[in-house]
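Examination of the molecular architecture
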Amino acid sequence: MDVGAMIRHWITTPAYGYLGSSYGCHAADLLQLPLGDGAVADALIAKLKEHIPPLKSLPVNIYAVGNGVDQQQIIIECAGQAVDITDRVFKE
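What counts and what doesn't
- As a convention, each chain's residues are numbered from 1 in the sequence order in which they are written.
- Local features are withheld for residues below a pLDDT of 70 in this predicted model, meaning they are given only at 70 or higher, and side-chain atom pairs are given and counted only at 80 or more; totals for whole chains, interfaces and linings count all residues.
- The basis for every side-chain value is the complete set of non-hydrogen atoms in the structure, without hydrogens or water.
- Elements are defined by DSSP. Helices are runs of H or I of four residues or more, strands are runs of E of two residues or more, and each kind is numbered from the N terminus.
- Each residue is assigned to one of three classes by its accessible area relative to the maximum for its type, calculated with a 1.4 Å probe on protein chains only: buried under 20%, partly exposed between the two thresholds, exposed over 50%.
- Contacts were defined at the residue level, with two residues in contact if any of their heavy atoms lie within 4.5 Å.
- By the convention used here, strands pair only if DSSP detects at least 2 bridges between them.
- Our arc is simply the arc of the directions from the helix axis toward the C-beta atoms.
- Side-chain atoms alone can form a polar contact between residues adjacent in sequence; in general such a contact is a pair of N or O atoms within 3.5 Å, and within protein one must be able to donate a hydrogen while the other accepts it.
- Note on method: axes are straight lines fitted to C-alpha atoms, helices fitted across the in-contact stretch only, with angles between N-to-C directions ranging 0 to 180 degrees.

Looking now at the overall build of the chain. Across its full length, the chain carries three helices and three strands. Shown N-terminal to C-terminal, the secondary structure of the chain runs as helices and strands in the order α-α-β-β-β-α. Counting every position in the chain, which comprises 92 residues, the buried fraction comes to 30%. Nonlocal contacts in the chain, meaning residues at least 24 apart in sequence, comprise 36% of its contacts between residues at least 6 apart.

Structural data, given as structure tokens:
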């Protein structure tokens with residue numbers, strides 16, 4: 001099971017990208033919400049686990065790392081794999 005590939009596929013699939021399914025993520029929505037209280041990250045993780053059932057039993061973390069003066073790198077970490085989703089968030 002390649003957890004990183006599953007997360008990358010989910011992030012790159014637009015929400016409701018499959019007919020009749022809410023599968024996918026509109027990651028650009030992260031940019032429009034305050035990230036300070038963690039509710040946005042918790043909601044993203046909950047949706048990820050709902051759409052990818054094998055992840056329900058694994059710990060999933062999302063965090064941001066400062067990358068220069070005004071940039072951040074957004075990482076989803078699961079099962080020892082770190083998936084950089086920065087490009088997928090900012091290029092939508």
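Our next topic: the pairing of strand 2 (residues 72–78). When strand 1 (residues 60–66) meets strand 2, the two strands line up antiparallel, connected through seven bridges. Paired with I62 across the strands is I76, a residue of strand 2. Relative to strand 3 (residues 81–84), strand 2 runs antiparallel, the two sharing four bridges. Each bridged residue has a counterpart across the sheet, and for C78 the counterpart in strand 3 is Q81. Taking the residues that link successive antiparallel strands as the turn, the strand 2-strand 3 hairpin has two residues, and the phi of A79 there is positive, at about 50°.

This paragraph deals with helix 1 (residues 3–12). If you check which residues of helix 1 are buried, you get V3, G4, I7, W10 and I11. Summarising the axial view, the buried residues of helix 1 lie within an arc of 130°, below the 170-degree limit, and thus occupy one face. Between a side-chain oxygen at the N-terminus of helix 1 and the backbone nitrogen of G4 the separation is 3.3 Å; the capping residue is D2.

So, about the side chain of H51. With respect to the element layout, H51 can be found in helix 2 (residues 39–51). Using a relative accessible area of 13% as the deciding quantity, one classes H51 as buried. Of note is the side chain of H51, whose polar atom sits 2.9 Å from the side chain of W10. In this structure the side chain of H51 is engaged in a polar contact, spanning 3.4 Å, whose partner is the backbone nitrogen of G24.

Strand order in this open sheet of three strands is 1-2-3, and the pairing throughout is antiparallel. Of all the strands in the sheet, the pair left with one neighbour each is strand 1 and strand 3. Strand-to-strand twist in this sheet, taken as the mean axis angle between neighbours without regard to direction, amounts to 30°. Lying on the sheet, helix 1 is in contact with strand 2 and strand 3; it crosses strand 3 at an angle near 25°. Along the sheet, helix 2 makes contact with strand 1 and strand 2, crossing strand 1 at roughly 135°.

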